[in-house]
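# A closer look at the structure
Single-letter residue listing:
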Amino acid sequence: MSFRKIYIETSDICGLTCAFCPTKKGVRGVMSVEKFELVAKKVAKKAAVFTLHVLGDPLKNQNFADYVEVARRFEMPLEVTTSGFFLNDTNSEILLSQNNTIRQINISLTAVLGLSAAVEPYLKRIFSFCDKFATRESRRFLNLRVWSSEKCEKKEALLRAVFEKFGGFEGDLTNLKNGQIRLARHILLSLKDGFTWQILGETEEGNLQNGEFEVRKKGGCHGLLRQLGILADGSVVPCCMDASGVLKLGDIFTQTLGEVVNSRKAVRMKEGFLRGERVEEFCQKCEFFGVE
């Protein structure tokens, strides 16, 4: 039993209200460092990399260093995904100095598109971090992510600011292709179309709040085959898209990982994906299939 990636949510609190993120924040709260260590004991060596993200922003945790230290002790290679809004001197130095533990840093610039405030102060903080990252000359990668198909002035201004920072860009910013653009040594701009994170959870009647979305019963997914998610309350979910725990498979705080992934529900889902079938309604209406 080994995964390519296990997502671990240290909290579902981010302090932002981005339009692309549909679910309520602050419901599960913070996974304490003690609980995180319990999780580490159960999942270390079970994945090639561990991403500190589902909902929430790990840098909002004032004791972020303690989580990194636990991961270091259990030899868990980390990938940190953040909006960048909570970068400060303390956590920036942790990100920059922990080369052996923090293997990749992702900054989601898409968060800025939903803000009414100016983007300049936000980008100044991120660009300052990029400058510091560049001086370290590590083998790690820093990804600046813009995942949105929306064409708007704010997105164009955002991309223009990024390219001006790293040497300019000649062409139509509205028609950039999906993919990765090298901005500097080991600093990449990752461009992808946006998707609808459609399923918010269950109604009081037990039905999914999912609106009108295409039902696709055929197809596979990396969930339970290459990735797994652990929410701040200990809920284990098949993938990073189940931010509400609709498909909860078990509780990592009280069960072993083996017990969870070998449960009847988990096995049914996994066998379905291997057959090219999406057996759960959540999966049938997900627009993020096969994407990591």
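An account of the accompanying structure is given in this report. (Residues numbered from 1 in each chain as written. Predicted model: local features only at pLDDT ≥ 70, side-chain atom pairs only at ≥ 80, totals over all residues. Heavy atoms only, no water.)

### Section: the pattern of salt bridges
Considering all chains together, one arrives at 12 salt bridges under this definition. As a salt-bridge pair, Lys45 and Glu75 come within 2.6 Å of each other at their nearest N and O atoms. Of this pair, Lys45 sits in the loop between helix 1 (33-43) and strand 2 (47-52) while Glu75 sits in the loop between helix 2 (64-73) and strand 3 (78-82), and the two are 30 residues apart along the sequence. A relative accessible area of 57% means that Lys45 is categorised as exposed. (Salt bridge = Lys/Arg side-chain N within 4 Å of Asp/Glu carboxyl O. Helix = DSSP H or I, 4+ residues; strand = E, 2+ residues; numbered from the N terminus. Buried < 20%, exposed > 50% of the residue type's maximum accessible area, 1.4 Å probe, protein only.)

### Observations regarding the nonpolar core
Within the largest apolar cluster, 74 residues are counted, with the highest numbers of intra-cluster contacts made by Ile8, Val43 and Leu109. Sort the elements by how many residues they give to this core and helix 4 (residues 120-136) lands first, with seven residues. Apart from residues lying up to four places away in sequence, Leu109 is in contact with Tyr122, Leu123, Ile126, Leu144, Arg145, Val146, Leu158 and Val162. Formed by 12 residues, the second largest nonpolar core is a distinct cluster that contains Tyr7, Val54, Ala243 and Cys286. (Core = buried A, V, L, I, M, F, W, Y, C linked by side-chain atoms within 4.5 Å. Contact = heavy atoms within 4.5 Å.)

### Thoughts on the packing of helix 3 (residues 89-97) against helix 4
Where helix 3 contacts helix 4, the two axes come as close as 10 Å, and the packing angle between them is 30 degrees. The pairing of helix 3 with helix 4 is recorded here as roughly parallel in orientation. For the element pair helix 3 and helix 4, the recorded crossing hand is right-handed. Counting all contacts with helix 3, which are made through Asp89, Ser92, Glu93, Leu95, Leu96 and Ser97, the residues of helix 4 involved are Phe129, Lys132, Phe133 and Arg136. (Axes fitted to C-alpha atoms, helices over the stretch in contact; angles between N-to-C directions. Parallel < 35°, antiparallel > 145°, perpendicular 65-115°, else oblique. Left-handed = near helix turned anticlockwise from the far one by under 90°.)

### What to know about the sheet that holds strand 3
Read from one edge of the open sheet, 10 strands run 6-7-5-4-3-2-1-8-9-10, paired in mixed fashion. Lying at the two open borders of the sheet, with one neighbouring strand each, are strand 6 (179-184) and strand 10 (250-251). The pairing of strand 4 (residues 102-108) with strand 5 (residues 141-147) spans five bridges and is classified as parallel. When the sheet's bridge partners are listed, Ile107 is paired in strand 5 with Leu144. Its contacts with the sheet put helix 2 on strand 2, strand 3 and strand 4, and the angle it makes with strand 3 is roughly 155 degrees. The strands touched by helix 4 within the sheet are strand 4, strand 5 and strand 7 (187-192), with strand 5 carrying the most contacts at an inclination of about 155 degrees. (Pairing = 2+ DSSP bridges.)

### A short note on helix 5 (residues 153-165)
Its 13 residues give helix 5 an end-to-end C-alpha distance of 18 Å, which sits within 8% of 18 Å, the value for a rise of 1.5 Å per residue. Residues of helix 5 that are buried include every one of Lys155, Leu158, Leu159, Val162 and Phe163, and no others. Buried residues along helix 5 cover an arc of 125 degrees about the axis, so they all sit on one side. In helix 5, those exposed residues whose orientation departs by more than 90 degrees from the buried face are Glu153 and Glu164. Where helix 5 is buried, its residues meet helix 4, strand 5, strand 6 and strand 7. Positive phi appears at Gly167, one or two residues downstream of helix 5, with a value of about 115 degrees. (Expected span 1.5 Å × (residues − 1). Arc of directions from axis to C-beta.)

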